[in-house]
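Residue-level structural notes
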Amino acid sequence: MTTTDGEDRIRRRPEDEEADIYDEDGNVRSDFLALVGAAIADRDTLFLRQNVARLHESEIGDLLEAIQPDQRLALVRLLGDDFDMTALTEVDEAIRREIVDQMPNEQIAAAIGDLDSDDAVYILEDLDKEDREEILAQLPFTERVRLRRALDYPESSAGRRMQTEFVAVPPFWTVGQTIDYMRDEEDLPYSFSQIFVIDPTFKLLGAVDLDQILRTKRQTKIEQIMRETNHPVPAEMDQEEAAQLFEQYDLLSAAVVDENGRLVGVLTIDDVVDVIHEEADEDIKRLGGVGDEELSDNVLSTARSRFLWLLINLGTAMLSASVIGLFDASIEKMIALAVLMPIVASMGGNAGTQTMTVTVRALATRDLDIYNAGRIIRREAGVGILNGIVFATIMGLIAGTWFHDYQLGGVIAAAMIINLMAAALAGILLPLLLDKVGADPAIASSVFVTTVTDCTGFFAFLGIATWWFGI
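Here the structure is a predicted model, which means the values were calculated and not measured.

**Brief notes about the overall build of the protein chain**
Within the protein chain, the secondary structure is distributed over 22 helices and six strands. C-alpha atoms of the protein chain, sized along the principal axes, occupy 90 × 65 × 40 Å. By the burial criterion, 46% of the 471 residues in the protein chain qualify as buried. Considering only intrachain contacts with a sequence separation of at least 6, the fraction spanning at least 24 residues in the protein chain is 66%. Accessible area of the protein chain: about 24900 Å², with a carbon and sulfur share of 55%.

Printed below as a string of structure tokens:
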């Protein structure tokens, strides 16, 4: 049988060679997608098991997002027990729901039993309550209890993100006992870097790093080498706050404790990296008013997610238009005003967005607080004044030359200074105010900052022109 170069490269790849499924731009190769599509159409399970099932979970996730929607479920069904359910944690929510909703609960239960608890919770939390309970009922008692406890914690909390598999020993054990326990015990986490020390009530006492265990003599007691746990994370803590602890203290893992200080799980750096990515992605989307939209969402759900803020923006645009309406007589007498006024508003909007973006991100990372807010406000005001003077000079000269009227250039220059100053203040004060009253500044700031800069820009430019030229 004749094969293409791409097919030959895939089929003859050695067992230990990393899958070469990406092109130079980091996208899944088109020839690989074609081969997978053909294998799905031909129900070639041998090819799929040899070339897809062996991929890393993240690579399978990329493949699921790249193939056609009608091929996704077919691929999962053809792979059967060889499909790595962990790959579903690597795709966006819409695709995950699409696949899981079509899978039998028995198959999901069987697959979840082989997953780490944090990955299992990630998949279970998207299911309907009825399906979730049916799946949990098919799991062993201990595993069912651990997963239910994690699911009881609030969404986006450390308790939802934690892994309930960990190694914990009493303080009176020796290093030798601990090593023997880890060698003999079959039900250990796949990978871990810390051993936690607990009392009989499971209250967290401390932790020992694995490298410390390896450097210590067997007869030494654990309590002699343990240290206080670095910044245990309350299970109810928001995942973003937990991620900030990892960033601040350079943690690789952290114990998760309940309200009584008892050890209930461990948060690891791989989960925290996902949290940081998700939170940054969420903030960027909210700044644009698109909510929790995913690339795989259909037309209707995407339009619905954008509708509310577009409706609010329509209202604020009408407010800006009403400001222009106050000066309709002036615009009729001096057409140049209609030509120039969008420039003032546009410059203010861009300047406000710059300040707002920096402010919202600083609030999200806790770099902006009550202790440095005054200094940052003064800095942004200074930036607004300085940029206002520079661009006022440039635009004043352009407008004066363009319309052969340097008085008009002076008017637009004055309006530019006023609006860029207002934009700088609105860009920082509005997010601070929204954060203070408990609203999410990433969601609401953009519309309000734009409204302030539009209204201020139009009113300043048209108002000064009306006063100066007596029109």
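**Thoughts on empty space enclosed by the protein**
As enumerated under the stated definition, the model contains two cavities of 30 Å³ or more in all. Roughly 30 Å³ of internal volume is contained in the second largest cavity. Contributing to the lining of the second largest cavity are Arg161, Gln239, Ala242, Ala243, Leu267, Asp271, Val272 and Val275. Contributions of two or more residues to the lining of the second largest cavity are made by helix 15 (239–249) and helix 16 (269–287). Among the residues making up the lining of the second largest cavity, the classes are represented as five nonpolar, one polar and two charged.

**Regarding the pattern of salt bridges**
Pairing between side chains of opposite charge can happen when the charged atoms of each approach one another. Evaluation of the coordinates by the stated rule reveals 12 salt bridges. The residue Arg49 makes a salt bridge to Asp82 at a minimum N-O spacing of 2.9 Å. With Arg49 in helix 3 (residues 45–51) and Asp82 in the loop between helix 5 (69–79) and helix 6 (93–100), the pair connects residues that are 33 residues apart, well separated along the chain. Under the relative-accessibility criterion, Arg49 is labelled partly exposed at 41%. Across the pair Arg227 and Asp209 runs a salt bridge whose closest N-O atoms are separated by 2.9 Å. Highlighted residues: Arg227 in the loop between helix 14 (222–225) and strand 4 (233–234) and Asp209 in strand 3 (residues 204–209), separated in sequence by 18 residues. A residue is classified by how much of its surface remains accessible, and Asp209, at 26% relative accessible area, is partly exposed.

**Thoughts on the UniProt feature "domain: CBS" (unreviewed entry) in the protein chain**
Under the local residue numbering, the UniProt record ascribes the feature "domain: CBS" (unreviewed entry) to residues 226–282. Each end of residues 226–282 is marked by a C-alpha atom, and these two atoms are 39 Å apart; helix forms 44% of the span and strand 23%.

**Considerations on the packing of helix 19 (residues 335–364) against helix 20 (residues 373–403)**
At a closest axis distance of 12 Å, the pairing of helix 19 and helix 20 adopts a crossing angle of 160°. Judged by the angle between their axes, helix 19 and helix 20 are roughly antiparallel. Relative to helix 20, helix 19 is oriented so that their crossing is right-handed. From helix 19, Ala336, Val339, Leu340, Ile343, Met347, Thr355 and Val358 reach across to helix 20, where they touch Arg379, Glu380, Phe391, Met395, Ala399, Trp402 and Phe403.

**Here we look at helix 12 (residues 175–184)**
Given 3.6 residues per turn, any residue in an α-helix points the same way as the ones three and four places further on. Along helix 12, the positions that sit buried rather than exposed are Val175, Gly176, Thr178, Ile179 and Met182. All buried residues of helix 12 project into a common sector of 165° when viewed along the axis, lining one side. Summarising the contacts, the buried residues of helix 12 are in contact with strand 1 (168–169), strand 2 (194–198), helix 13 (210–215) and helix 14.

**Considering the sheet that holds strand 4**
Spatial strand order, 4-5-6: three strands in an open sheet with mixed pairing. Both edges of this open sheet fall to strand 4 and strand 6 (263–268), since each of them pairs with a single strand only. Across two bridges, the pairing between strand 4 and strand 5 (residues 253–257) is parallel. Bridge assignment links Val233 to a residue of strand 5, and that residue is Val256. This element, helix 15, spans strand 4, strand 5 and strand 6 of the sheet and lies at about 65° to strand 6.

**What about the UniProt feature "transmembrane region" (unreviewed entry) in the protein chain?**
In the numbering used here, UniProt assigns the feature "transmembrane region" (unreviewed entry) to residues 307–327, 385–404, 410–434 and 446–469. From the first C-alpha to the last, residues 307–327 spans 31 Å; its make-up is 90% helix and 0% strand. The distance separating the terminal C-alpha atoms of residues 385–404 is 27 Å; by composition the span is 95% helix and 0% strand.

**Details of the nonpolar core**
By size, the foremost hydrophobic cluster in this structure holds 63 residues, and its most contacted members are Leu48, Leu64, Leu75, Phe83, Met85 and Ile112. Beyond its immediate sequence surroundings of up to four residues, Leu64 is in contact with Arg72, Leu75, Phe83, Leu88, Val91 and Ile99. Formed by 28 residues, the second largest nonpolar core is a distinct cluster that contains Phe327, Met341, Ala399 and Ala460.

**Re the layout of surface pockets**
Estimates place the volume of the second largest pocket at around 290 Å³. Surrounding the second largest pocket, 14 residues form its lining, Arg146, Thr164, Glu165, Phe166 and Phe202 being those nearest its centre. Breaking the lining of the second largest pocket down by element, the ones donating at least two residues are helix 10 (141–152) and strand 6.

**Observations regarding the packing of aromatic side chains**
The full count for this structure, using the stated rule, is five aromatic pairs. Ring centres 4.9 Å apart and planes at 25° place the aromatic pair Trp402 and Phe403 in the stacked group. Given a relative accessible area of 27%, Phe403 falls into the partly exposed group.

The rules behind these values
Residues numbered from 1 in each chain as written. Predicted model: local features only at pLDDT ≥ 70, side-chain atom pairs only at ≥ 80, totals over all residues. Heavy atoms only, no water. Helix = DSSP H or I, 4+ residues; strand = E, 2+ residues; numbered from the N terminus. Buried < 20%, exposed > 50% of the residue type's maximum accessible area, 1.4 Å probe, protein only. Contact = heavy atoms within 4.5 Å. Areas by Shrake-Rupley, 256 points an atom, 1.4 Å probe, with all protein chains shown as cover. 1 Å grid on protein atoms, 1.4 Å probe; cavity = no way out; pocket = protein on both sides within 12 Å on 5 of 7 lines; lining within 4 Å. Points joined across faces, edges and corners; volume = space filled by probe spheres on them. Nonpolar A, V, L, I, M, F, W, Y, C, P; charged D, E, K, R; others polar. Salt bridge = Lys/Arg side-chain N within 4 Å of Asp/Glu carboxyl O. UniProt positions renumbered as here; feature names shortened; annotations may be inferred. Axes fitted to C-alpha atoms, helices over the stretch in contact; angles between N-to-C directions. Parallel < 35°, antiparallel > 145°, perpendicular 65-115°, else oblique. Left-handed = near helix turned anticlockwise from the far one by under 90°. Arc of directions from axis to C-beta. Pairing = 2+ DSSP bridges. Core = buried A, V, L, I, M, F, W, Y, C linked by side-chain atoms within 4.5 Å. Phe/Tyr/Trp six-rings, centres within 6.5 Å; stacked < 30°, edge-to-face > 60°.

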